[in-house]
Amino acid sequence: MRFAPSPTGSLHIGSARTVLFNWLWARHVGGELLLRIEDTDRERNQPELIEVIYDSLEWLGIDYDGEVVLQSDNAARHHAVVEELLAKGLAYRCDSTPEEIAERNKVAGGPPGYDGYNRDRDVSAAVPHVVRFRVPDDGSTSWVDLIRGEITFEHSILEDFVLRRRDGSPMFIVANAVDDIDMGITLVIRGEDLISVTPKMLLVRRALGIGEPIEFAHLPLIVGADRKKLSKRNGDVALDNYREAGILPEAMVNYLALLGWGPPDGVEIRPITEIIDLFEISSVNQAGAFFDIKKLESINGEYIRALPADDFLTRCRAELSTQPWAQRVDDDALAAIAPEVQTRLRTMRELPTMVDFLFLDAPDIDGASWAKAISDNDAASGLLDAAIVAYSTVDWSAESLHSATLAFVEAAGLKLGKGQAPIRVAVTGRSVGPPLFESIVVLGRERTLARLSAARATC
RNA sequence: GCCCCCAUCGUCCAGCGGCCUAGGACGCCUCCCUUUCAAGGAGGUAACACGGGUUCGAAUCCCGUUGGGGGUACCA
């Protein structure tokens, strides 16, 4: 098997799913998965983008076998193959420009596409030309797709496609087909959008006399909200976006495995080793799958909660390291609050706003929360005063703070849920966050009192 | 237009002729727990696109219709 991305930017979610399925199946059957970088489109390719591919695969935890193949290294082979086809009379030169072809079709009232005009005109090699493959007039090409069953294309509807451009560079079909042959690929697992080029590749293989078996499995497409192929127009398609958004690689891989496939026992969240074990290429779905971020985040939350404490802490440090106040992160304080935060995250990106109050001089105030709990709350001043008094002497533990707070809140005729609101906002700046008393314990008496007084002064 | 692919809850996946008054997960709603928010627990909402066959029996097989998608490049 092989994964053959072209380095045109950050790895696409669809590509990530494609490698994953190749990898799962390769590991399941004990096959080999090769990596080939299709870097022949010089205009759009940049060397540093190849690094992005390696980096993404590493992040996902997907490995490959053997040396990486750079398609550009095989240019001579691609050219030789085109010449061979030409020499065998299985391809021919064509000097018609796309405009001329369109014009002829218009005049003749025929269907769009190449009309075979130069098939037997023996165009001179001295003239600017492309090389086209001579598709057989009769018959058809078909294959048994591992996911879809038999698929057949009549030759009569296949036009004589271009093998080599006017500028002399070989087309994708040639490079791709030839490299697959040379690399000994026996199974191609790729997106459904490539179904229509498959008969052409099969035709080229046959023309070259390659009788070796090759199988295909065309994966359903991953679609966006509009039910169309996931593209830049309909959502975040770059794997990197999710990485930056605080999605754990294990969660991403687990979720991706569920797009177009499901384990027979219905257990969705499980170790990758089990997924490899259970994965079956022939049971992959045939219909497009919607990329559901909600479910991705839900799975991500499960993965975060399942993290061992020290592992979670390590990821927290990494997440906070990109904050402007990263220097002020106190490791002990972070470690103390971490257990309270772990069950509250769906993505690691939600972490900073949950713990920033511990590391900033003054809390980052959320205006709406402040207004509701303090400015517009008649009970706020009394509660803050009571808290200042109580917290000045109370034993500094969550339990003591809890009972002390409960006492003055109930004295004010309120429930704890409502009474703690002004205190929470005064101390953390927000109305939601980790449990209040545990947070205060970590913050410390001095800073807590200072923030309560500051808030009281505004009432 | 032509070619190819597809069609079960809003979404993802089960279902492979009787076990289906269609199951699980995410989402959504209700309740419980509760120190906000989560987490956790208990419920609920919600689908076999349609029409013909085949069969004793169809979500499952066949045909058609409709709908969706992909492709139709001297892109990959």
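Before reading further, recall that the structure is shown in the block above.
Described in the following lines is the structure provided in the data block. Keep in mind the model is a prediction, meaning the values are calculated, not measured. (Residues numbered from 1 in each chain as written. Chains lettered and ligands numbered in written order. Predicted model: local features only at pLDDT ≥ 70, side-chain atom pairs only at ≥ 80, totals over all residues. Heavy atoms only, no water.)

1. A closer look at the pairing of strand β6 (residues 140-145)
As a reminder, the rule being used: Only protein chains enter the accessibility calculation, which uses a 1.4 Å probe. A residue is then buried if its area is under 20% of the maximum for its type, exposed if over 50%, and partly exposed in between. Under the scheme used here, helices are H or I runs from DSSP no shorter than 4 residues and strands are E runs no shorter than 2 residues, and both carry numbers assigned from the N terminus. A pair of strands counts as paired when DSSP detects no fewer than two bridges linking them.
Residues T141, W143 and D145 line the buried face of β6, whereas the alternating positions S140, S142 and V144 sit on a face that is not buried. Of the pairings in the sheet, the one linking β6 to strand β7 (residues 149-154) comprises six bridges and is antiparallel in character. Bridge pairing in β7 links S142 to T152. Adjacent in sequence and paired antiparallel, β6 and β7 are bridged by three residues.

2. Some details on the protein's contact with RNA strand B
Note the following rule: When we say a residue is near a molecule or strand, we mean one of its heavy atoms is within 4 Å of it. Lys, Arg, Asp and Glu make up the charged group, whereas Ala, Val, Leu, Ile, Met, Phe, Trp, Tyr, Cys and Pro make up the nonpolar group; the residues left over, Gly among them, are polar.
In the neighbourhood of RNA strand B, 63 residues make up the surrounding shell, with R148, R165, R166, R227 and R344 lying closest. For RNA strand B, the fraction of protein-proximal atoms (within 4 Å) that sit in sugar or phosphate groups is 70%. Elements represented by at least two residues in the surface near RNA strand B include exactly β5 (130-133), β7, β12 (289-290), α10 (293-306) and α19 (436-443). When residues of the surface near RNA strand B are assigned to their parent elements, the largest contribution, four residues, is made by α10. Of the residues belonging to the surface near RNA strand B, the class tally is 25 nonpolar, 17 polar and 21 charged.

3. Description of the pairing of strand β2 (residues 34-37)
Quick note on the threshold: For crossovers, right-handed means that the path from the first strand over the helix to the second runs clockwise, given strands pointing away from the viewer.
Where burial is concerned, the two faces of β2 agree: the one with L34 and R36 and the one with L35 and I37 are both buried. Both strand β1 (residues 2-3) and β2 contribute to a ladder of two bridges, which runs parallel. Directly across from F3, in β2, lies its bridge partner L35. Note that the unit made of β1, helix α1 (residues 13-29) and β2 has a crossover that is right-handed.

4. Points about the pattern of salt bridges
Note the cut-off: Should a side-chain nitrogen of Lys or Arg be within 4 Å of a carboxyl oxygen of Asp or Glu, the pair is scored as a salt bridge.
Throughout the structure, instances matching the rule amount to 28 salt bridges. D311 is the partner of R315 in a salt bridge, and the nearest nitrogen-oxygen pair spans 3.4 Å. With R315 and D311 both in helix α11 (residues 309-320) and four residues apart, the pair spans about one turn of that helix. Its relative accessible area of 21% is what places R315 among the partly exposed residues. For D331, the salt bridge identified is with R317, shortest N-O distance 2.7 Å. Remark: R317 occurs in helix α11 and D331 occurs in helix α12 (residues 331-342); sequence separation between them is 14 residues. Where salt bridges share partners, they join R2, R36, E38, D179 and D180 into one cluster.

5. Let's talk about the sheet that holds strand β4 (residues 91-94)
Selection criterion: Comment: axis = line fitted to C-alpha atoms, over the contacting stretch for helices; angle = value between 0 and 180 degrees taken between N-to-C directions. Throughout, a residue-residue contact means that at least one pair of heavy atoms, one from each residue, lies within 4.5 Å.
The antiparallel open sheet is built from three strands, whose spatial order is β4-β5-β8. In this open sheet, the two strands that pair with only one neighbour each are β4 and β8 (162-164). Averaged over all pairs of adjacent strands, the angle between strand axes in this sheet comes to 40°, irrespective of strand direction. Pairing of β4 with β5, which is carried by four bridges, proceeds in the antiparallel orientation. Residue pairing across strands places A91 opposite F133, the latter belonging to β5. Of the strands in this sheet, β4, β5 and β8 are in contact with helix α3 (residues 75-87), which crosses β8 at around 125°.

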